[in-house]
Number of protein chains: 2
Amino acid sequence: MKTMTASEKGASAGAKPPATPPLEPTYEGDFVINGDFQLESGRTLASPTLHYAVYGRLNAARDNAVLVCHALSGSALVGSWWPEVFAPGALLSLEQDFVICINMLGSCYGSTGPSTNNPETGQPYGADFPLVSIRDNVRAQALLLDSLGIRKLRLVLGGSLGGMQALEWTIYDPSRVERGVIIAVAPLGAMGLALNHLQRQAIQNDPDWLNGTYLPQKPPRAGLALARQIAMMSYKSPELFEERFGRNPNRNGENPWALNADGGGLTGGRFDIAGYLDYQGHRFLDRFDANAYLAILRTMDTWDPLTGYESPMQVFSRIRAHLTFVGISSDWLFPEAQVRAFAELIRASGVNADYREMISAHGHDAFLAEQAQLVRLLQ
Amino acid sequence: MKTMTASEKGASAGAKPPATPPLEPTYEGDFVINGDFQLESGRTLASPTLHYAVYGRLNAARDNAVLVCHALSGSALVGSWWPEVFAPGALLSLEQDFVICINMLGSCYGSTGPSTNNPETGQPYGADFPLVSIRDNVRAQALLLDSLGIRKLRLVLGGSLGGMQALEWTIYDPSRVERGVIIAVAPLGAMGLALNHLQRQAIQNDPDWLNGTYLPQKPPRAGLALARQIAMMSYKSPELFEERFGRNPNRNGENPWALNADGGGLTGGRFDIAGYLDYQGHRFLDRFDANAYLAILRTMDTWDPLTGYESPMQVFSRIRAHLTFVGISSDWLFPEAQVRAFAELIRASGVNADYREMISAHGHDAFLAEQAQLVRLLQ
């Protein structure tokens, strides 16, 4: 286990967006699973599409493939949201690796999700979109890899929901995966389940949600924005918020002590943190769909690799890959101690697994917000 | 006015009801401030009412008065929500003390608030209810104490918003207060401001809020319930949630992995923590008003004793009382470190102040949920 120094910790608090520009994929396209795809829930998806992107080239031996799994609001374009992981000397290399990233089922970035038309009805699935488990996603991804002739993954990695997929890969097809890197994740604990429950209600309380039947031009904007803001609580940390925003009035000049324009006092000018959250919530509306959000929250809630097995030993002893777990010191959604304990549980089943702690004030988001530090930790 | 029973109090704290039964007040009644009461915001309240309760009897020397200040959703009935503080040998004595508790302006337990009719319009204030600061509350409370002939407070104490009032008392009328106990509070930090911002939106997003003009029979129920649930995140701690609820399915038998009754999968059976939060949110609807909630959130947000002063020394050096600060180890709304630093800042201004840490997994709620421990800590 590696520990960051105090100065590294200090530097992390003022981290800036990654300097590395987004990478263009070698190829971006769709893979369609023919016929009915059976889900764990008992439902099926008819000919679902997986949207995916690849970076670099598959070598002749077909042994340089890496699968990156994305988190809740991510997309297949890993070169856009995780560019520093591809920096020279970092984890992945465009020269040596063939990197694949596949949009999750249920998402709104090209794979089949609630806004996709259900072939059986000709209408979008909406609230009828079935629960797609992490295992379902992994089985679907395996079909895509099969179609590309990839029988070996040098590495599968991901943070948060991506880490759930990465670990499930090492259980689902143990002989296919050489190494797994599982970041900031464990089966979601009570506090995480609670946070997801709040976000779900924020969307469902919005009258524009219409039980999931809203039209694309009139989505539940206020509800989705509030859901995103609730999530931001757990993506960052109190320390970071305090340092960045403190009790400052909103930087646009609003005065939290002033009367409203109409003289009322139930609400007033915002503090800076409120302006920031509103901005984050609003931005999210341009890039995400409320029903997709609900679908993936449920995928996240219900993941527990023990489901269907009798003991941790029974499930985890299947794993052949070398696993590295990363916990984030200020993570509140997947607390560092829970990630550590989860890694311990898996190691106790005889798996070759190590654990590393990332010291960061960025909370759960640190694996996205502090990519350079993550890369150093994993080298 | 609504009265909380002991079991409601216990439910609000998420803890077992205290063993001590609720105490009946010696007197419970209203005090009306004659004429316009000037507020810091520049607005006035016309002849506002303060609802209050007293316990015990004022002695002949009039020197046995104690003022207890309540928190966000509290009432004047301190004997109902803090009974163990009156236990034999505890902090307060019905034989020796004359204990007063006054419902905050803006609340819905008898004092003037958003649901009160504005004498100028004959209609409820609603969203037009002005910002009432902590200082405004203290000035109003002082008028009530004056009317009772109380010139000396042996002790003023409170947790959370109650602690804000208690400290402000020692600044507003230094010679009147001998001792102050200030629990789990400091000027609200960025994370706390963020949580309040989320709760505010939860209410305002509810179509039944109607910009604060809802009728009593059709309040914004879903919004207020969600606000309460968001608040519960910060009232408890991840450790406590994990221990009590973990990943258990809801105890009513719902299955989080099952399809909905209609076969849809965006939402499903709840986990136990979600059932608990729904229950807490729903219970709150019976005892609190959404506009009152918004009003007091703003009172809480805007409190900073430095406002209007040039330096901490200038404001805190006014204090003559001996102060005891209590921080709660698992408090996330007012983190222990922030309470400690706040106490240090005040001590650095020459105030006789000590600091004690309460070790508890109950988070911010610990001062209500673990009264016996609090009493021991303060003895």
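In case you missed it, the structure is sitting above this.
Residues numbered from 1 in each chain as written. Chains lettered and ligands numbered in written order. Predicted model: local features only at pLDDT ≥ 70, side-chain atom pairs only at ≥ 80, totals over all residues. Heavy atoms only, no water.

What about the overall build of chain A?
1) Next: When helices and strands are counted, chain A shows 13 helices and 12 strands.
2) Next: Over its C-alpha atoms chain A spans a radius of gyration of 21 Å, differing by no more than 12% from the 21 Å that the globule rule assigns to 379 residues.
3) Next: Within the span of chain A, comprising 379 residues, buried residues form 62% of the whole.
4) Next: Considering only contacts in chain A between residues 6 or more positions apart, those separated by 24 or more positions represent 73%.
5) Next: Accessible area of chain A: about 13,800 Å², with a carbon and sulfur share of 52%.
6) Next: Measuring between centres, the 31 positive side-chain charges of chain A sit 3 Å from its 38 negative side-chain charges. (Helix = DSSP H or I, 4+ residues; strand = E, 2+ residues; numbered from the N terminus. Rg over C-alpha atoms; globule rule 2.2 N^0.38 Å. Buried < 20%, exposed > 50% of the residue type's maximum accessible area, 1.4 Å probe, protein only. Contact = heavy atoms within 4.5 Å. Areas by Shrake-Rupley, 256 points an atom, 1.4 Å probe, with all protein chains shown as cover. Lys, Arg positive; Asp, Glu negative; His and termini not counted. Charge placed at Lys NZ, Arg CZ, Asp CG, Glu CD.)

A few points about the sheet that holds strand E9 (residues 155-159) of chain A
All names here are of chain A.
1) Next: With mixed pairing, the eight strands of this open sheet are ordered in space as E1-E4-E6-E5-E9-E10-E11-E12. In this open sheet, the two edge strands, each paired with only one partner strand, are strand E1 (27-32) and strand E12 (353-358). On average, each strand axis in the sheet is tilted by 20° relative to the strand beside it, whichever way the strands run.
2) Next: Bridge count for E1 against strand E4 (residues 49-55) is six bridges, and the pairing is antiparallel. Of the residues in E4, the one forming a bridge with Phe-31 is Leu-50.
3) Next: The strands touched by helix H4 (residues 161-172) are strand E5 (65-69), E9, strand E10 (179-183) and strand E11 (322-328); relative to E9, the strand with the most contacts, the crossing angle is about 150°. (Pairing = 2+ DSSP bridges. Axes fitted to C-alpha atoms, helices over the stretch in contact; angles between N-to-C directions.)

As for the relation of the copies chain B and chain A
1) Next: Laying chain B over chain A is done by rotating through 180° and shifting 0.0 Å along the axis; what remains is an RMSD of 0.0 Å. Both chain copies can therefore be described as sitting about a two-fold axis.
2) Next: Mapped onto chain A, 100% of the interface residues of chain B are again interface residues, and the two copies thus contact each other with one and the same surface. (Least-squares fit on C-alpha atoms with pLDDT ≥ 70 in both.)

A short note on the pattern of salt bridges
1) Next: Enumeration according to the criterion identifies 39 salt bridges over all chains in this entry.
2) Next: Its salt-bridge partner being B:Glu357, residue B:Arg340 comes within 3.2 Å of it at the nearest N-O pair. Highlighted residues: B:Arg340 in helix H11 (residues 336-347) and B:Glu357 in strand E12 (residues 353-358), separated in sequence by 17 residues.
3) Next: Taking relative accessible area as the criterion, B:Arg340 reaches 37% and is therefore assigned partly exposed.
4) Next: Linked through salt bridges whose partners overlap, the residues forming this network are A:Asp146, A:Arg151, A:Asp173 and A:Arg176. (Salt bridge = Lys/Arg side-chain N within 4 Å of Asp/Glu carboxyl O.)

Regarding helix H8 (residues 272-285) of chain B
1) Next: Between its terminal C-alpha atoms H8(B) stretches 20 Å, which fits the 20 Å expected from 14 residues at 1.5 Å a residue.
2) Next: Looking at H8(B), one finds that the buried residues are B:Asp272, B:Ile273, B:Ala274, B:Gly275, B:Tyr276, B:Leu277, B:Gln280, B:Gly281, B:Phe284 and B:Leu285. (Expected span 1.5 Å × (residues − 1).)

Here we look at the packing of aromatic side chains
Residue and element names in this part refer to chain B.
1) Next: Considering all chains together, one arrives at 34 aromatic pairs over all chains under this definition.
2) Next: Judged by centre distance (5.3 Å) and plane angle (85°), the ring pair of Tyr-125 and Phe-129 falls under edge-to-face.
3) Next: Assessed through its relative accessible area of 6%, Tyr-125 is described here as buried.
4) Next: Here the aromatic rings of Phe-325 and Phe-342 are separated by 6.0 Å at their centres, their planes lie at 85°, and the arrangement is edge-to-face. With a gap of 17 residues between them, Phe-325 in strand E11 (residues 322-328) and Phe-342 in helix H11 connect regions that are remote in the sequence. For the pair shown, Phe-325 and Phe-342 are each scored as buried. (Phe/Tyr/Trp six-rings, centres within 6.5 Å; stacked < 30°, edge-to-face > 60°.)

Considerations on the interface of chain B and chain A
1) Next: Taken residue by residue, the interface counts 67 residues in chain B and 67 residues in chain A.
2) Next: With both chains or domains summed, chain B and chain A bury close to 5,100 Å², and 64% of this area falls on carbon and sulfur atoms.
3) Next: Considering only the side of chain B, the residues that lose the most area to chain A are B:Arg247, B:Leu266 and B:Arg298, jointly responsible for 16% of the buried surface there.
4) Next: Applying the counting rule to chain B against chain A returns one salt bridge.
5) Next: Two residues, A:Asp304 and B:Arg247, come together in a salt bridge whose shortest N-O distance is 4.0 Å.
6) Next: At the boundary of chain B and chain A, one finds 24 residue pairs in polar contact (both at pLDDT 80 or more).
7) Next: Of all the elements in the fold, those that place two or more residues in the side of chain B that touches chain A are helix H5 (190-204), helix H6 (221-235), helix H7 (238-244), H8 and helix H9 (290-301) of chain B.
8) Next: No other element matches H5(B), which puts 11 residues into the side of chain B that touches chain A.
9) Next: Counted by class, the side of chain B that touches chain A contains 35 nonpolar, 21 polar and 11 charged residues. (Buried area = accessible area lost by both parts, 1.4 Å probe. Polar contact = N/O pair within 3.5 Å; in protein donor to acceptor, adjacent residues only side chain to side chain. Nonpolar A, V, L, I, M, F, W, Y, C, P; charged D, E, K, R; others polar.)

Comments concerning the layout of surface pockets
Gaps left between atoms are located by rolling a probe of water-molecule size over the structure's atoms.
1) Next: Volume-wise, the largest pocket comes out at about 1,200 Å³.
2) Next: As for the largest pocket, its lining consists of 40 residues, and the residues nearest its centre are A:Arg228, A:Gln280, A:Arg283, A:Asp365 and A:Leu368.
3) Next: Of all the secondary-structure elements, those providing two or more residues to the lining of the largest pocket are helix H2 (78-81), helix H6 (221-235), helix H8 (272-285) and helix H12 (366-369) of chain A.
4) Next: In terms of residue class, the lining of the largest pocket is made up of 19 nonpolar, 12 polar and nine charged.
5) Next: The space that makes up the second largest pocket amounts to roughly 660 Å³.
6) Next: Contributing to the lining of the second largest pocket are 24 residues, with A:Pro238, A:Trp332, B:Pro238, B:Glu239 and B:Trp332 lying nearest its centre. (1 Å grid on protein atoms, 1.4 Å probe; cavity = no way out; pocket = protein on both sides within 12 Å on 5 of 7 lines; lining within 4 Å. Points joined across faces, edges and corners; volume = space filled by probe spheres on them.)

Regarding the sheet that holds strand E5 (residues 65-69) of chain B
Residues and elements named next belong to chain B.
1) Next: What the eight strands build is an open sheet, ordered E1-E4-E6-E5-E9-E10-E11-E12; its pairing is mixed. Two strands bound the open sheet, and with one partner strand each, they are strand E1 (27-32) and E12. Looking at each pair of strands side by side, their axes are set apart by 20° on average, direction ignored.
2) Next: Strands E1, strand E4 (49-56), E5 and strand E6 (98-102) of the sheet are contacted by helix H3 (residues 134-147), whose axis makes an angle of about 55° with E4.
3) Next: With respect to the sheet, helix H13 (residues 371-378) is in contact with strand E10 (179-183), E11 and E12, its orientation differing from that of E12 by roughly 145°.

Some remarks on the pairing of E12(A)
All names here are of chain A.
1) Next: Of all six residues that make up E12, six are buried, and the element is covered over most of its length.
2) Next: Alternating positions in E12 separate into two faces, Ala-353, Tyr-355 and Glu-357 on one and Asp-354, Arg-356 and Met-358 on the other, with burial throughout.
3) Next: Where E11 meets E12, six bridges bridge the pair, whose relative direction is parallel. Looking across to E12, one finds that Ile-328 is bridged to Met-358.

Topic: the nonpolar core
1) Next: Within the largest apolar cluster, 190 residues are counted, with the highest numbers of intra-cluster contacts made by A:Leu167, A:Tyr293, B:Leu167 and B:Tyr293.
2) Next: Residues contacting B:Leu167, with those up to four places away along its chain left out, are B:Ile182, B:Trp303, B:Pro305, B:Phe316, B:Ile319, B:Leu323, B:Phe325, B:Phe342 and B:Ile346.
3) Next: In this structure, B:Val68, B:Val78, B:Trp81 and B:Leu92 belong to the second largest nonpolar core, which totals 32 residues. (Core = buried A, V, L, I, M, F, W, Y, C linked by side-chain atoms within 4.5 Å.)

Describing the environment of A:Leu58
1) Next: Within the fold, A:Leu58 resides in the loop between E4 and E5.
2) Next: For the pair A:Leu58 and A:Glu95, spaced 37 residues apart in sequence, the C-alpha to C-alpha distance is 10.0 Å.

Points about the side chain of A:Arg247
1) Next: Looking at where A:Arg247 falls in the secondary structure, it is placed in the loop between helix H7 (238-244) and H8.
2) Next: B:Asp304 provides the closest opposite charge to the buried, unpaired A:Arg247, separated from it by 4.0 Å.
3) Next: A polar contact of 2.9 Å, which involves the side chain of A:Arg247, links it to the backbone oxygen of B:Leu188.
4) Next: Within the structure, the side chain of A:Arg247 is placed 2.8 Å from the backbone oxygen of B:Asp301, a separation counted as a polar contact.

Side note on the environment of B:Ile230
1) Next: Inspection of the secondary structure assignment puts B:Ile230 in helix H6.
2) Next: Expressed as a C-alpha distance, the spacing of B:Ile230 and B:Ala337, which sit 107 residues apart in the sequence, is 22 Å.
3) Next: The residues touching B:Ile230, leaving out its near neighbours within four places in the chain, are A:Leu198, A:Ile230, B:Leu195, B:Leu198, B:Gln199 and B:Ala202.

A closer look at helix H4 (residues 161-172) of chain B
1) Next: When the terminal C-alpha atoms of H4(B) are compared, their 16 Å separation across 12 residues agrees well with the 16 Å that a helix rising 1.5 Å per residue should span.
2) Next: Among the residues of H4(B), those classed as buried are B:Leu161, B:Gly162, B:Gly163, B:Met164, B:Gln165, B:Ala166, B:Leu167, B:Glu168, B:Trp169, B:Thr170 and B:Ile171.

All quantities given are derived from atomic positions and should not be read as evidence of function.
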